[in-house]
Amino acid sequence: MTTSNSRRTFLKNSVLASGGMVIGVNWLTGCKNASSEAALTMPKEWFNFNAYLKIGENGVVTIFTPNPEFGQNVMTSMPMVVAEELDVDWRNVLVEMAPFDAVKYPPAIFGQFTGGSRGIMSKWEPLRNAGAAARHMLKEAAAQAWQVPASEITTSAGVLKHEKSGKSAGYGEMAAAAAKIPVPVKPTLKEIKDFKLISQSQKNVRGKEIVTGKPMFGVDYKVDGMLIAMIAQPPAFGMKLKTFDGSAAKAMPGIKDVFSIKTYNDGYEKGGFDVNAFPELVAIVGNSTWEVMQAKKALTIEWEPIAAYSETVNGWGGKQVVNVPAGLENSDDHAAKMAALAAKPGRVVRRNGDPEAAFKKAAKVIERSYSCPYLAHNCMEPMNFFADVKGDKVKVAGPLQIPGFIEPTLAARMGIPVENIEIEMTRMGGGFGRRSYSHYLVEAALISQKMNAPVKLMYTREDDMTNGVYRPAYHAVYRAALDENNNLLAFHVKAGGIPESPLHADRFPAGAIDNYLAEDWKIESNITIGAFRAPRSNFIAGAEQSFLDELAEAMGKDPIEFRLELLKRAKENPVGERNDYDAARYAGVLELVRDKSGWGKTPVAAGVSRGVAAYFCHASYAAHVLDLTMENGKPVVQKVTSAIDCGIVVNPDAAANMTEGAVTDGIGNALYGEMTFKAGAAEKANFDKYRMIRMSEAPKAIDVHFVKNEIAPTGMGEPPFPPIFGALANALYKATGKRVYRQPFLGEREVMG
Amino acid sequence: MANFTLNINGKQQTVDVDPATPMLWVLRDHLNLVGTKYGCGIAQCGACTIHLGDVAMRSCMLPVSQVGNQAVTTIEGLSENGDHPVQQAWLEHDVAQCGYCQSGQIMNAAALLKANPKPSDAEIEGAMNGNICRCATYVRIKAAIKTAAG
Ligand code: FES
Ligand code: FES
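Residues numbered from 1 in each chain as written. Chains lettered and ligands numbered in written order. Predicted model: local features only at pLDDT ≥ 70, side-chain atom pairs only at ≥ 80, totals over all residues. Heavy atoms only, no water.

> Before we move on, can you summarise the overall build of chain A with the specific residues and values?
When helices and strands are counted, chain A shows 17 helices and 30 strands. The C-alpha atoms of chain A give 27 Å as radius of gyration, which agrees with the globular expectation for 753 residues (27 Å, within 12%). For chain A, the C-alpha atoms occupy an extent of roughly 80 × 75 × 50 Å along the three principal directions. For chain A, buried positions account for 63% of its 753 residues. (Helix = DSSP H or I, 4+ residues; strand = E, 2+ residues; numbered from the N terminus. Rg over C-alpha atoms; globule rule 2.2 N^0.38 Å. Buried < 20%, exposed > 50% of the residue type's maximum accessible area, 1.4 Å probe, protein only.)

Below you can see the structure in the form of structure tokens.
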């Protein structure tokens, strides 16, 4: 982390740099305002107010975004929150990405975390406080200068005013004095009804740079004398490096060196995000990407099987022993193993009432099984990182989601204190969870250290796709007991996966059914897995929402009415204590999507089939109605109507964009997404085999609606993703008369039914 | 290694590289034009799209030796001030999420509109299907193309 922080020096360097070398990512934005419309005159002097903002003598404000940007638009929305409380004109705001600094942006580890839809949710208060504190300081400074009570001073669009005396001043004029005022601990915040900027859509502050191809991503990072590195990794999970001969590669043009690296020291205790199947790699370093790519093909490497091992991982829930089996795994075996375990009793996670007795006396039992494959994240920008190691000082720059997790890993590996590490966070070409596991940063640093030169490590698409931290394969069995009048007596879910279960035992419909049983199980594996947009929810929501649809049909009820009845019960007379969700907010999105889609009212056009689904995760609620037609046996999604309750929406158009992306991404993964393994090897290594959704397969229209309320913001990037799987499955059933239980619904099978 | 004099964004530029080097890496590594992106290297994603004359090309599989003196346009040279109608439409619709695919999308869309100023939805889909957007901003990309078409 950088402990000393000289903003003025930094800015000076940045501005200088814009005339010449590419040294980073911030320089090019140094003189563009947040709304990307016009150039601002740079101030002669900056005055620091806190970690989030500084004000120039000419009234220009720079706001720092603490959390890394991967397309969720925090570069825009976080500064908006600060600017709101500061009460400044958005057109006078510059935006910069903050460097990683655990002291300035607490709490340690989580302070600058992009993941779990936590960004705005966790930063809401700190961002508001930062803006409000500065506004308070400006008012105090004006009060002292004008000899009037601070309480009589008002602010608006970067101007301080004292009505009675007719005095006024721009923020810039008071900035020098205000920066010396003691920082208030609990500054007064605006009333939500007084918000002027929040909930007014603002354009992406990096829009212009994006459409003109300016350098901003990790892959674009470049300094003088920088070398390019690539890695060769085992061809399969369950394999490791035995020996290698790099002499032929080293003799090739432009190649500097070939050597092996080891990401962890012996005996290192891993943290929860030190997920890495291939800790020993061969590194190839040279002058240019193409030369290194060619040399990589000339390596002679012998790999050998790993032995089974156990390791202690110090993760979220404290220390845990993880068993990693030996062997080369196959997807076919996985499916058989999952089916076998699903047929046995699992571990009981939640029980309400007497579900066993209820199932015994049921007139009818409905039982359905659902499954999904591994998924690769396939961020558009492959994994990469820049590193410059000079003695015991390390500078790294690149795309990562959680710098706080990798810093201790890097410090331990290099044997240096964290104070000697500087982490710059570049814009990420997607993340989706994958860049929470930034082993590639450590790899880059080790290569730079060995070469004694600045290095950019680049993964090829193939490296990226086959060295995954995949979404696990999951399986779920749902059962429902009905009496002779088709009343619901009991509900049972048993879910597991490789190597974790997707079960969320305390979510809906838990709390709404008297007799409820939830069980889980898991199977060990050496294939690495990790967070993927809405972990676990991204499967279990689709399974659950498909099952509820089938259940509603068996009970002769409308699928939305059926859910609302259950939610009414959960709200008025909840079953059990630990129900995660707010039944009223959950019902709210269903009602909104029902109204906006004209569900049950507007007759759907001829040939159109509709499905509905809803879900709660990351503290937010999302519901979708999906309309599709079938053309030549293929589904064509005509329209998706979405209703989201994520509390206050900071930047509505950007949140709508995120929802559209989540919906389309979900449809793609539901229809086509699949990674399979044979003898431990990922069977798809590039986009010729791994099918991604493309424009012609995307919905023709997506209509997004937000519930309006004054609840502090909750998650947004993930919640719209899980339920779309269910809405699609339910619409497919309406269209074809056949239920889909296994993802991907289409995959290589081009035609349904 | 061999010398190649290329006509890039209206400027003559000479590089000394292996003749098999794809234009993608010539642009990115040797000419510091990094707006053109690497996504797959096998002509499957469109992130590396440039123009050769008026035609959209995947630069990741285009050896520098095959370019000759054809005019090469990259995202950096699509317009002088970033105000090509496609770029403007992209801003109007605030298309980007992560933004990584967008220079390829824009280059492909610009070539499409040059060849077919008023494309139908099906024609847009047909032309743009080779460009993956992992963030799945397709609805906005299509809307922006229609806006740019006027
Ligand atoms: S990088 Fe050229 S098409 Fe993907
Ligand atoms: S905007 Fe992220 S890949 Fe297209």
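> I'd love a proper account of the overall build of chain B, names of residues and values included.
Looking only at helices and strands, one finds five helices and five strands in chain B. For chain B, the N- to C-terminal ordering of α and β elements is β-β-α-β-β-β-α-α-α-α. What you see for chain B is a C-alpha radius of gyration of 15 Å, in line with the 15 Å of a compact globule of 150 residues. Taking the principal axes of its C-alpha atoms as reference, chain B extends roughly 45 × 25 × 25 Å. Residues counted as buried form 58% of the 150 residues belonging to chain B. Contacts in chain B between residues far apart in sequence, at least 24 positions, make up 53% of those at least 6 positions apart. Within the structure as shown, chain B displays about 5,300 Å² of accessible surface, and the carbon and sulfur contribution to it stands at 48%. Between the averaged position of the 10 positive side-chain charges in chain B and that of its 12 negative side-chain charges there is a distance of 6 Å. (Contact = heavy atoms within 4.5 Å. Areas by Shrake-Rupley, 256 points an atom, 1.4 Å probe, with all protein chains shown as cover. Lys, Arg positive; Asp, Glu negative; His and termini not counted. Charge placed at Lys NZ, Arg CZ, Asp CG, Glu CD.)

> Lay out the interface of chain A and chain B with the relevant residues and their values.
Chain A puts 59 residues into the contact, and the matching count from chain B is 53 residues. For the pairing of chain A and chain B, the buried interface totals around 4,800 Å² over both sides, and the portion due to carbon and sulfur atoms is 57%. The shortest N-O distance in the salt bridge between Glu660 of chain A and Arg140 of chain B comes to 2.8 Å. The interface formed by chain A and chain B holds 29 residue pairs in polar contact (both at pLDDT 80 or more) in total. Only helix H5 (207-211), helix H7 (289-297), helix H12 (461-466) and helix H16 (652-671) of chain A provide two or more residues apiece to the side of chain A that touches chain B. The greatest single-element share of the side of chain A that touches chain B, amounting to eight residues, is contributed by H16 of chain A. Partitioned by chemical class, the residues of the side of chain A that touches chain B number 26 nonpolar, 18 polar and 15 charged. (Buried area = accessible area lost by both parts, 1.4 Å probe. Salt bridge = Lys/Arg side-chain N within 4 Å of Asp/Glu carboxyl O. Polar contact = N/O pair within 3.5 Å; in protein donor to acceptor, adjacent residues only side chain to side chain. Nonpolar A, V, L, I, M, F, W, Y, C, P; charged D, E, K, R; others polar.)

> Please give an account of the pairing of strand E24 (residues 515-522) of chain A that cites residues and values.
Residues and elements named next belong to chain A. Most of E24 is tucked away: seven of the eight residues are buried. In this sheet, E24 lies alongside strand E16 (residues 347-352) in antiparallel orientation, the contact comprising five bridges. Residue Val348 lies in a different strand from E24, and its bridge partner there is Glu519. When strand E23 (residues 488-498) meets E24, the two strands line up parallel, connected through eight bridges. Residue His492 lies in a different strand from E24, and its bridge partner there is Leu517. (Pairing = 2+ DSSP bridges.)

> Describe the pairing of strand E1 (residues 46-50) of chain A, with residues and values.
Residue and element names in this part refer to chain A. The pairing of E1 with strand E2 (residues 53-56) spans four bridges and is antiparallel. Directly across from Asn50, in E2, lies its bridge partner Leu53. Between E1 and E2, which pair antiparallel one after the other, the connecting turn spans two residues.

> So, the domain arrangement of chain A: which residues are in play, and what are the values?
Many analyses report the size of an interface as the accessible area lost when the parts associate. Residue and element names in this part refer to chain A. In terms of domains, chain A is made up of domain 1 (3-210), domain 2 (222-309 + 377-466) and domain 3 (473-736). Residue-level contacts link 19 residues of domain 2 with 21 residues of domain 3. Counting each side, the surface lost to burial between domain 2 and domain 3 is near 1,600 Å², with a carbon and sulfur contribution of 65%. Looking only at domain 2, the three residues that lose the most surface to domain 3 are Phe237, Phe432 and Met465, adding up to 37% of its buried area. Linking domain 2 with domain 3 are zero salt bridges, by the criterion used here. Scanning the region where domain 2 abuts domain 3 turns up five residue pairs in polar contact (both at pLDDT 80 or more). Class assignment of the residues belonging to the side of domain 2 that touches domain 3 gives a composition of 10 nonpolar, six polar and three charged. (Domains from an automatic or database assignment.)

> Describe the nonpolar core, listing the residues and the values that go with them.
Membership of the largest hydrophobic core comes to 209 residues, with the highest contact counts inside it found for Phe49, Ile447, Leu626, Ile667 and Leu728 of chain A together with Trp90 of chain B. Of all the elements, helix H3 (residues 119-146) of chain A adds the most residues to this core, at 11 residues. Once residues within four sequence positions are removed from consideration, Phe49 of chain A is found in contact with Lys54, Ile55, Ala134, Met137, Leu138, Ala175, Ala178, Ala179 and Val183 of chain A. (Core = buried A, V, L, I, M, F, W, Y, C linked by side-chain atoms within 4.5 Å.)

> Break down the sheet that holds strand E3 (residues 49-52) of chain B for me, citing the residues and quoting the values.
Strand pairing in a sheet takes place through backbone hydrogen bonds and is either antiparallel or parallel in direction. Residues and elements named next belong to chain B. Judged by pairing direction, the sheet is mixed, and its five strands sit side by side in the order E2-E1-E5-E3-E4 without closing on themselves. Edge positions in the open sheet fall to strand E2 (11-17) and strand E4 (55-58), since each of these has one partner strand only. Direction aside, neighbouring strands of the sheet carry axes that sit 45° apart on average. Alignment of E3 against strand E5 (residues 71-73), held across two bridges, turns out to be antiparallel. Following the sheet pairing, His51 is matched in E5 by Thr73. On top of the sheet, helix H3 (residues 102-115) reaches E3, E4 and E5; it is set at about 35° to E3, its chief contact. (Axes fitted to C-alpha atoms, helices over the stretch in contact; angles between N-to-C directions.)

> Break down the pattern of salt bridges for me, with residues and values.
Applying the stated criterion across every chain yields a total of 50 salt bridges over all chains. As a salt-bridge pair, Lys700 of chain A and Glu125 of chain B come within 2.9 Å of each other at their nearest N and O atoms. You can see Lys700 of chain A sitting in the loop between strand E29 (681-682) and strand E30 (701-706) and its partner Glu125 of chain B sitting in helix H4 (residues 121-128), one on each of two chains. Judged by relative accessible area, Lys700 of chain A falls into the partly exposed class, the value being 29%.

> Provide a residue-level description of the domain arrangement of chain B, including the pertinent values.
Residue and element names in this part refer to chain B. As far as domains go, chain B holds domain 1 (2-77) and domain 2 (85-149). Taking only C-alpha atoms into account, the centre of domain 1 sits 21 Å from that of domain 2. Contact residues are listed per partner, giving 16 residues for domain 1 and 13 residues for domain 2. Buried area between domain 1 and domain 2, summed over both chains or domains, comes out near 1,200 Å², and the portion from carbon and sulfur atoms is 58%. Counting the surface domain 1 buries against domain 2, the share from its top three residues, His51, Asp54 and Ile75, is 37%. Joining domain 1 to domain 2, the criterion identifies one salt bridge. Its salt-bridge partner being Lys114, residue Asp54 comes within 3.9 Å of it at the nearest N-O pair. Where domain 1 touches domain 2, the interface holds six residue pairs in polar contact (both at pLDDT 80 or more). Elements with a contribution of two residues or more to the side of domain 1 that touches domain 2: E3 and E4. In terms of residues, the side of domain 1 that touches domain 2 owes the most to one element, E3, which gives three residues. Grouping the constituent residues of the side of domain 1 that touches domain 2 by class yields six nonpolar, seven polar and three charged.

> Describe the environment of Glu356 of chain A, listing the residues and the values that go with them.
Residue and element names in this part refer to chain A. On the secondary structure map, Glu356 appears in helix H9 (residues 355-360). A C-alpha to C-alpha distance of 51 Å links Glu356 and Ala412, two positions 56 residues apart in sequence. If we skip the residues at most four places from it in the chain, Glu356 touches Arg351 and Leu517.

> Go over the packing of aromatic side chains, please, and point to the residues and values.
All names here are of chain A. What the rule picks out here adds up to 31 aromatic pairs over all chains. Look at Tyr264 and Tyr268: their rings are 5.4 Å apart centre to centre, the planes differ by 5°, and that puts the pair in the stacked class. The exposure class of Tyr264 is buried, given its relative accessible area of 11%. Ring geometry for Phe385 and Tyr440: centres 5.9 Å apart, planes at 45°, overall tilted. A residue pair is termed long-range when its members are at least 10 positions apart, and Phe385 in strand E18 (residues 384-390) and Tyr440 in helix H11 (residues 439-451) qualify at 55 residues. The same class applies to Phe385 as to Tyr440, namely buried. In this structure, Lys684 packs its charged tip against the face of Tyr690, placed 5.6 Å from the ring centre. (Phe/Tyr/Trp six-rings, centres within 6.5 Å; stacked < 30°, edge-to-face > 60°. Lys NZ or Arg CZ within 6 Å of the ring centre and 35° of its normal.)

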